[in-house]
Structure formats: structure tokens, C-alpha cells
Amino acid sequence: MNLRSPAFAILFAVSLIAAAGNMALQSVLPAIGREFGLRDTLVSAAFAISALMWTLTSPYWARLSDRLGRKKVIMIGLGGFVASIGGFGLATTAGLQLWLGPLTAFVLMAVARTIYGVFGSASPIAAQAYVADRTSPEQRTQAMSLLASAQGLGTVLGPTFAPLLVLPLVGLAGPMYAFALFAAAVLWVVWRRLPSGEVVRIPSPSGRREAGKGLWKDRRVRDYLLFGLLVTGSQAINISVLGFHVIDVIAQPGSGPEAALPFISIAMFAGAAATLMAQWGLIPLLKLQPADLMRWGAGLALAGNLLTVFAPGYYGVVIGYAVVSMGVGFARPGFTAGSSLEVGPNEQGAVAGLMMSLAGLSFLVPPVVGVALYELAEPAPFIANALLLTGAIALCFSSVRLRRGPPDLPDRDETPSPETPPASQPGPEGGR
């Protein structure tokens with residue numbers, strides 16, 4: 001596959017629109033919850049439902065794309081995204097216009113997110129498999145990295161444009177309607193323009209049950225998984241609390257939550273930009289290896305949370321979130337590359353599936369717990385994160401496997417490539 005071909009551009013747009021739409025929704029969700037008068041914890045549960053369904057359905061879509069074809073599964077996923085984000089917008093409008101009670105509207109919003117959790121993983125999985133089918137081994141790393149970078153770009157564009165889409169007639173539901181239309185346009189282009197000629201399909205690694213079964217208990221990767229869960233869980237708390245925190249620190253008498261949207265977007269943009277700077281600039285420049293990436297990454301994320309505790313104003317929140325995001329930008333390639341280098345060629349699919357599952361698992365419980373802690377006391381979630389990240393740093397030095405890093409093989413370079421895809425804002429919607 002030519003990376004400058006129209007087919008690859010279409011697949012890039014598929015990944016971009018999902019990431020941008022979900023981050024736009026994440027940026028306006030706290031304001032919607034406050035307008036409805038709902039508890040912050042209840043609002044965060046809507047994303048936990050999505051994460052659960054994403055985790056459960058991902059293997060199914062991987063296997064179905066082998067049987068049904070990549071293009072059809074991409075279209076199914078995009079259709080689910082359009083129905084989900086459009087339904088979320090309709091439920092938001094119904095609540096804001098008082099056509100429905102706030103609790104009833106929220107239930108419909110949760111149903112819309114559940115739809116995305118069920119269908120949302122279909123498109124990125126099938127898109128990656130489509131590229132794998134049509135690229136040589138020499139091309140594949142560059143192709144997959146470029147495709148994954150669409151998610152990083154989406155995490156920047158989504159929250160940046162979200163405030164501009166809060167329009168007079170539709171209000172806070174505007175970004176959802178806009179991204180539903182964008183996704184519908186991409187769906188039409190996939191249907192009409194994406195080639196679906198038969199190729200010899202490479203079965204998705206997540207669909208292979210025989211290779212690497214029970215690998216999560218294997219001593220070679222167990223500590224990497226634990227480290228990854230601690231780090232991604234802490235960042236999930238940061239992402240989920242951020243909007244509520246910004247609304248509270250800039251609150252002015254007589255101003256509603258909607259006034260905070262530009263400030264939330266700036267904070268989210270700063271986090272995404274810091275991650276991209278780490279993975280596209282600093283990692284190739286510093287040539288750090290997995291063990292060093294994990295130590296420095298966890299340390300930076302810890303510093304970012306402490307900064308938020310001791311400098312609680314708006315600028316402290318933004319800078320703290322950016323430092324956290326940069327830290328995770330270092331740490332994620334460390335534990336994903338390290339675990340991959342620990343296992344053999346026949347286990348790469350299994351270990352990649354385990355790394356993918358962290359995205360869903362980290363957004364199941366930590367965001368709800370983090371927002372509940374925030375309701376108790378403003379610094380509480382960041383103190384909890386500091387404890388999690390202290391545990392991650394301790395694991396880096398107490399675990400023999402993490403301390404020494406992966407085996408040093410003569411023909412293997414452990415330094416992450418400049419083409420390593422960005423971690424952006426990890427979650428069940430992306431960042432894998």
C-alpha cells in the first residue's frame with residue numbers, strides 16, 4: 001500500500017475522526033453534567049460503561065474482520081460512532097431544553113456511550129488489519145505508526161475545535177452533532193471510495209487464542225503489565241477530573257459551566273501537545289531505552305500531580321496536566337516496547353493484545369474513583385495518583401526484570417523508533 005494513496009488517506013481519516021470526536025466529547029462532558037445538576041461521579045460513569053464494552057467486544061471485531069472483510073467492519077464501526085455521538089447529542093439537547101428530566105437524559109447519554117463501547121473498536125481494529133494486509137513487513141512499521149499518529153492528531157484537534165462548535169441553537173450538544181456529521185461523511189467516503197478487493201488476510205493477533213494463552217501471568221511480562229496499569233490508571237484519573245477541576249478553579253459569580261469550555265480545551269491541548277513533543281521529539285533525541293523511559297516517565301507524571309496539589313490555580317492545573325501527559329508519553333513506549341522485547345515472535349500478538357486491554361481496564365474503575373475523591377476534597381485524586389506513581393517508580397527499581405530492562409540481543413535495537421506512534425490521550429477510544 002502506498003502511504004500517499006487515497007485509500008491510506010481514508011483510513012487516516014477514520015482514525016482521526018474517532019479520536020477527535022471522543023476528545024471533544026470529553027472536553028464538554030463536565031459542563032454538561034454541571035448544567036444537568038448531576039453528581040460528577042455519575043457523569044464519569046458514562047465513560048466507564050464505554051470502556052467495559054470496548055474491552056469485551058474488541059476480540060470479536062478482530063475475528064469478524066477476518067471473516068467478513070475489513071471494509072465492512074470499518075463501516076460497522078463508523079456507523080456505531082455516528083449513532084453513539086449523535087444520540088449523545090440528542091440526549092444532551094433533550095436535557096438542556098427540559099424536554100426530559102436530567103436523570104432520564106443522562107440515562108440516554110449512557111446508552112449512547114454503551115453503543116460506542118460495543119461498536120467503537122471495530123473501525124480502528126479493521127483499519128489496522130486493512131493496512132497489515134496490504135503492506136510488506138518492511139513497510140508495516142511506518143504504515144502502522146503513521147496510522148496511529150492520526151489518534152494523536154485527533155486528541156489535539158478535538159478539544160481545540162469543541163468550543164467553536166458550541167453554537168447558539170444547539171449549545172453544548174453542538175460538538176456532538178458536528179462530529180456525527182463529519183463521521184457520516186467519512187463513512188460515505190469509505191463506502192464509495194475505499195477499495196475492498198480480496199487479499200490474503202492476516203488473522204488479527206487478538207483473534208488467536210492458542211498463542212500466548214495466560215501470558216498475563218508470565219513472569220516475563222507481569223511486572224510490565226502492573227507498571228502499565230498503575231501509570232495508565234493514574235492518567236485516566238487526571239483526564240476524568242480535569243474538566244471539573246478547571247470549571248471550579250475559574251468559577252466566577254454569575255458564569256455557567258459553559259464559560260469554562262475554552263479553558264478546558266486549552267488544558268487538554270497542552271496535555272496532548274506535551275505528549276506529542278515527548279514521543280515525536282524528545283524520545284528520538286535522547287535515545288532512552290525502555291527501562292529509562294519507564295523511570296523518567298513515572299517520575300514526571302508524579303511531579304505533575306504534585307504540582308497540581310501545591311499550585312492549585314488554573315495555570316498550575318494546566319502545567320501540571322501537561323507534565324503528567326509528557327510523563328505518560330515517555331512511560332507508555334517504555335512498558336509496551338519492553339514487554340514486546342521480552343517475548344518471542346510467536347507471542348507478539350498476545351502481548352500486544354494485553355497492552356491494548358490496559359486502555360479499557362484503566363478507564364473502568366480509576367476515573368469513577370478519582371472523581372469521587374475529587375468530590376470529597378480537591379487535592380485527593382492527585383494525592384492518590386502520587387501514591388500510584390510512587391508505587392510504579394518503586395516497581396521499576398524493585399523488580400529485577402524492570403531494573404535491568406529487556407534482554408540485550410546483538411541484532412536488536414531497544415531504542416524506540418522516531419516513528420513510534422504517540423500515546424496521546426490513552427483510553428478505550430485510542431492511544432494503543
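What counts as what
Residues numbered from 1 in each chain as written. Predicted model: local features only at pLDDT ≥ 70, side-chain atom pairs only at ≥ 80, totals over all residues. Heavy atoms only, no water. Helix = DSSP H or I, 4+ residues; strand = E, 2+ residues; numbered from the N terminus. Buried < 20%, exposed > 50% of the residue type's maximum accessible area, 1.4 Å probe, protein only. Contact = heavy atoms within 4.5 Å. Phe/Tyr/Trp six-rings, centres within 6.5 Å; stacked < 30°, edge-to-face > 60°. Lys NZ or Arg CZ within 6 Å of the ring centre and 35° of its normal. Expected span 1.5 Å × (residues − 1). Bend = angle between axes of the 7 residues up to and from the residue. Salt bridge = Lys/Arg side-chain N within 4 Å of Asp/Glu carboxyl O. Patch = residues over 30% accessible without salt bridge, like charges linked within 9 Å, V, L, I, M, F, W, Y side chains within 5 Å. Areas by Shrake-Rupley, 256 points an atom, 1.4 Å probe, with all protein chains shown as cover. pLDDT = per-residue confidence, 0-100. Arc of directions from axis to C-beta. Axes fitted to C-alpha atoms, helices over the stretch in contact; angles between N-to-C directions. Left-handed = near helix turned anticlockwise from the far one by under 90°. Nonpolar A, V, L, I, M, F, W, Y, C, P; charged D, E, K, R; others polar. Parallel < 35°, antiparallel > 145°, perpendicular 65-115°, else oblique.

## Examining the overall build of the protein
Phase 1: When helices and strands are tallied, the protein shows 15 helices and 0 strands.
Phase 2: Here the protein holds 432 residues, and 55% of them are scored as buried.
Phase 3: Sequence separation of 24 or more characterises 85% of the internal contacts of the protein that already satisfy a separation of 6 or more.

## A closer look at the packing of aromatic side chains
Phase 1: Applying the stated criterion to the full structure yields 8 aromatic pairs.
Phase 2: Measuring from ring centre to ring centre gives 5.7 Å for Phe 81 and Tyr 116, while their planes differ by 70 degrees; the resulting arrangement is edge-to-face. Here Phe 81, found in helix α3 (residues 70-96), pairs with Tyr 116, found in helix α4 (residues 102-119); they are 35 residues apart in sequence, far enough to count as distant.
Phase 3: A residue is classified by how much of its surface remains accessible, and Phe 81, at 3% relative accessible area, is buried.
Phase 4: Between Phe 227 and Phe 335, the aromatic rings sit 6.1 Å apart at their centres with planes inclined by 65 degrees, giving edge-to-face as the arrangement. Separated by 108 residues along the polypeptide, Phe 227 in helix α8 (residues 219-249) and Phe 335 in helix α11 (residues 314-342) bring together distant segments of the chain. Across the pair, Phe 335 and Phe 227 agree in class, each one buried.
Phase 5: The residue whose ring lies beneath Arg 192 is Trp 191, and the NZ or CZ to ring-centre distance is 5.2 Å.

## Quick notes on unusual backbone geometry
Phase 1: For Leu 98, which is not glycine, the phi torsion reads 65 degrees and is therefore positive.
Phase 2: Summarising the element assignment, Leu 98 is placed in the loop between α3 and α4.
Phase 3: The exposure class assigned to Leu 98 is exposed, which follows from its relative accessible area of 71%.

## Structural notes on the side chain of Ser 123
Phase 1: Relative to the assigned elements, Ser 123 resides in helix α5 (residues 122-133).
Phase 2: Discounting chain neighbours no more than four positions away, the residues touching Ser 123 are Val 14, Val 73, Ile 74, Gly 77 and Leu 78.

## Side note on helix α9 (residues 261-286)
Phase 1: If you check α9, its first and last C-alpha atoms are 36 Å apart, about what 26 residues at 1.5 Å a residue would give, namely 38 Å.
Phase 2: Along its length, α9 shows its largest kink, about 35 degrees, at Ala 278.

## Things to note about the pattern of salt bridges
Phase 1: Counted under the stated rule, the structure contains 4 salt bridges.
Phase 2: Salt-bridge contacts for Arg 34 lead to Asp 40; the nearest nitrogen and oxygen are separated by 3.0 Å.
Phase 3: Classification of Asp 40 by relative accessible area gives buried; the value is 7%.
Phase 4: Its salt-bridge partner being Arg 34, residue Asp 248 comes within 2.9 Å of it at the nearest N-O pair. Here the residue Asp 248 occupies a position in helix α8, and Arg 34 occupies one in helix α1 (residues 6-36), the gap between them amounting to 214 residues.

## Brief notes about a nonpolar patch on the surface
Phase 1: Together, Leu 42, Leu 103, Val 107 and Val 111 make up an exposed nonpolar region whose accessible area comes to about 330 Å².
Phase 2: In terms of residue count, α4 provides more of the nonpolar patch than any other element does, 3 residues in total.
Phase 3: Summarising the element assignment, Leu 103 is placed in helix α4.

## What about the confidence of the model for the protein?
Phase 1: Put simply, the protein has an average pLDDT of 81, and 80% of its residues get 70 or more.
Phase 2: Averaged pLDDT values for the elements of the protein fall to 64 in helix α12 (residues 348-362) and rise to 95 in helix α14 (residues 380-398).
Phase 3: Considering only residues more than four positions removed or in separate chains, one finds that residues 204-212, a stretch of pLDDT under 50, has 15 contacts.
Phase 4: Considering only residues more than four positions removed or in separate chains, one finds that residues 409-432, a stretch of pLDDT under 50, has 76 contacts.

## What about helix α13 (residues 366-376)?
Phase 1: Where α13 is concerned, the buried positions are Pro 366, Pro 367, Gly 370, Val 371 and Tyr 374. All buried residues of α13 lie within an arc of 125 degrees about the axis, which places them on one face of the element.

## As for the packing of helix α2 (residues 40-68) against α5
Phase 1: For the pair α2 and α5, interaxial distance at closest approach is 9 Å and the crossing angle is 40 degrees. Considering the relative orientation of α2 and α5, their crossing is right-handed. Every residue of α5 that contacts α2 at Trp 54, Ser 58, Trp 61, Ala 62 and Ser 65 is listed here: Ala 122, Pro 124, Ile 125 and Ala 126.
Phase 2: For the contact of α2 with α5, the per-class residue count stands at 7 nonpolar, 2 polar and no charged.

## Section: the environment of Phe 81
Phase 1: For Phe 81 and Phe 119, which are 38 residues apart along the polypeptide, the C-alpha to C-alpha distance reads 7.1 Å.
Phase 2: Not counting residues up to four positions away in its chain, the partners in contact with Phe 81 are Ile 17, Ala 18, Gly 21, Asn 22, Gly 86, Tyr 116, Phe 179 and Ala 183.

## Re the side chain of Asn 238
Phase 1: Inspection of the secondary structure puts Asn 238 in helix α8.
Phase 2: Judged by relative accessible area, Asn 238 falls into the buried class, the value being 4%.
Phase 3: If we skip the residues at most four places from it in the chain, Asn 238 touches Asn 305, Tyr 321, Val 324, Phe 382 and Asn 385.

## Side note on the packing of α8 against helix α10 (residues 290-310)
Phase 1: Two elements in contact, α8 and α10, have axes whose closest approach is 12 Å; the angle formed by their N-to-C orientations is 30 degrees. With respect to α10, the element α8 is oriented roughly parallel. Note that α8 runs across α10; the crossing there is left-handed. Contacts between α8 and α10 pair Tyr 224, Phe 227, Asn 238 and His 245 from the former with Met 294, Ala 298, Asn 305 and Thr 308 from the latter.
Phase 2: Considering only residue class, the contact of α8 with α10 consists of 4 nonpolar, 4 polar and no charged.

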